[in-house]
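Each chain, written out:
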Amino acid sequence: MMNIEDQTSGPLPKEIVRVLIEKAHEAKNQAYCPYSKFRVGAAVLTQDDRMFKGCNVENACYNLGVCAERTAMLKAVSEGHKTFKAIAIASDMNDEFISPCGACRQFMREFGLKWDVYMTKPDSSYEKMTVEQLLPRSFGPDDLTQKKIDTPNE
Ligand code: THU
């Protein structure tokens, strides 16, 4: 399994950040959100500098809706890209930086703690936090292989 320390790669060039945020806003145009009417877009940057976009995709069975962040990550992972440098998230909220939901934070965490989340506004201003800052003391893949007490039924 990949060591999460391997992921730290220094600050991203400004131009890459600009393009990633632009792609997140672009992705928002595809949002399928007839129920919430809350458009979200995301763009994830892989370790080998590819970008995958995603939008929220809702469903008449409300609880089946998928967030933009997970759409973008699912697209990347399903194309063989499992290590990420950053993700940018975009919504239409003028006065708030869009912040990822708890489920998406856990989904990001699966692929490492030390990568960046750019939470943006429509004017492309942003706040940046790491996955670890957004989800401290999290449960992850390594926890499954920790030493355990003996349990019955084994
Ligand atoms: N949503 C996202 O796609 N990402 C977020 O960071 C927050 C919320 C979506 C889920 C749902 O389709 C709509 O926004 C309203 O919650």
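Scroll up to find the structure this text is about.
In this report, we go over the structure that sits alongside the text. As the structure is a prediction and not an experimental result, all values here were calculated from the model.

### What to know about the packing of aromatic side chains
Phase 1 of the analysis: Applying the stated criterion to the full structure yields five aromatic pairs.
Phase 2 of the analysis: Relative to F111, the ring of F84 lies with its centre 5.8 Å away and its plane at 80°, an arrangement referred to as edge-to-face. You can see F84 sitting in strand β3 (residues 84-91) and its partner F111 sitting in the loop between α3 (102-109) and β4 (116-120), a full 27 residues away along the chain. No difference in accessibility class separates F84 from F111, as the two residues are buried.
Phase 3 of the analysis: Members of the aromatic cluster, connected to one another through ring pairs, are F84, F107, F111 and W115.
Phase 4 of the analysis: One Lys or Arg, K121, reaches over the ring of F97 and ends 4.5 Å from the middle of that ring.

### Brief notes about the site of the ligand
Phase 1 of the analysis: Close contacts around the ligand come from S36, F38, V40, N56, E58, C67, A68, E69, S99, P100 and C101, and that covers them all.
Phase 2 of the analysis: In this structure, N56 approaches the ligand through a side-chain N or O atom, which is 3.0 Å from an oxygen atom.
Phase 3 of the analysis: Between the ligand and S99 there is a distance of 3.5 Å, counted from an oxygen atom to a backbone nitrogen or oxygen.
Phase 4 of the analysis: Protein chains shield 77% of the accessible area of the ligand, which is 370 Å² for the free molecule.
Phase 5 of the analysis: Partitioning the shell around the ligand into residue classes produces six nonpolar, three polar and two charged.

### Brief notes about the sheet that holds β4
Phase 1 of the analysis: Read across the sheet, five strands follow the order β2-β1-β3-β4-β5 without closing on themselves; strand pairing throughout is mixed. Unpaired on one side and paired on the other, β2 (51-55) and β5 (126-130) mark the two borders of the sheet. With direction set aside, neighbouring strand axes in the sheet form an average angle of 20°.
Phase 2 of the analysis: Each of β1 (40-46), β2, β3, β4 and β5 is contacted by helix α1 (residues 14-28), which is oriented at about 140° to β1, the strand it contacts most.
Phase 3 of the analysis: Against the sheet, helix α2 (residues 68-78) contacts β1, β2 and β3, and its axis sits at roughly 140° relative to β2.

### Here we look at the environment of Q133
Phase 1 of the analysis: Looking at the secondary structure, you find Q133 in helix α4 (residues 131-134).
Phase 2 of the analysis: Considered as a pair, Q133 and K114 are 19 residues apart in the sequence and their alpha carbons are 8.9 Å apart.
Phase 3 of the analysis: A polar contact is formed between the side chain of Q133 and the backbone nitrogen of T130, at a distance of 2.9 Å.

### Quick word on the side chain of T120
Phase 1 of the analysis: Relative to the assigned elements, T120 resides in strand β4.
Phase 2 of the analysis: Under the relative-accessibility criterion, T120 is labelled buried at 0%.
Phase 3 of the analysis: A polar atom in the side chain of T120 sits 2.7 Å from the backbone oxygen of I89.

### What about unusual backbone geometry?
Phase 1 of the analysis: In the Ramachandran plot, D49 falls in the positive-phi region, its phi being about 65° despite a non-glycine side chain.
Phase 2 of the analysis: Among the structural elements, D49 can be located in the loop between β1 and β2.
Phase 3 of the analysis: In this model, S124 sits at a positive phi of 75°, which is unusual for a non-glycine residue.
Phase 4 of the analysis: Along the chain, S124 falls in the loop between β4 and β5.

What counts and how
- Along each chain, residue indices are assigned from 1 in the same order as the chain's sequence is written.
- Reporting in this predicted model follows two pLDDT cut-offs: at least 70 for local features of residues, and 80 or more for side-chain atom pairs to be given and counted; totals over whole chains, interfaces and linings ignore these cut-offs and use all residues.
- Hydrogens and water molecules were not included; the side-chain quantities draw on all heavy atoms of the structure.
- The rule is short: rings of Phe, Tyr and Trp, with Trp giving its six-membered ring, pair when the centres are within 6.5 Å, and they are stacked under 30 degrees, edge-to-face over 60, tilted in between.
- Secondary structure follows DSSP: runs of H or I at least 4 residues long count as helices, runs of E at least 2 residues long count as strands, and numbering of each begins at the N terminus.
- Burial here depends on accessible area, computed with a 1.4 Å probe over protein chains only, as a share of the maximum for the residue type. Under 20% is buried, over 50% is exposed, and the range in between is partly exposed.
- The rule is short: NZ of Lys or CZ of Arg within 6 Å of the ring centre and within 35 degrees of the ring normal puts a charge over the ring.
- Any residue with a heavy atom lying within 4 Å of a molecule or strand is counted as near it.
- Side-chain atoms alone can form a polar contact between residues adjacent in sequence; in general such a contact is a pair of N or O atoms within 3.5 Å, and within protein one must be able to donate a hydrogen while the other accepts it.
- The method behind every accessible area is Shrake-Rupley, applied with a 1.4 Å probe, and residues are considered shielded solely by the protein chains displayed.
- The classification used treats Ala, Val, Leu, Ile, Met, Phe, Trp, Tyr, Cys and Pro as nonpolar, Asp, Glu, Lys and Arg as charged, and all other residues, Gly among them, as polar.
- When DSSP locates at least two bridges between a pair of strands, those strands are taken to pair.
- Here an angle of 0 to 180 degrees is reported between the N-to-C directions of two axes, which are lines fitted to C-alpha atoms, with helices fitted over the stretch in contact.
- We call two residues contacting when some pair of their heavy atoms lies within 4.5 Å.

The values are spatial; any link to function lies outside them.
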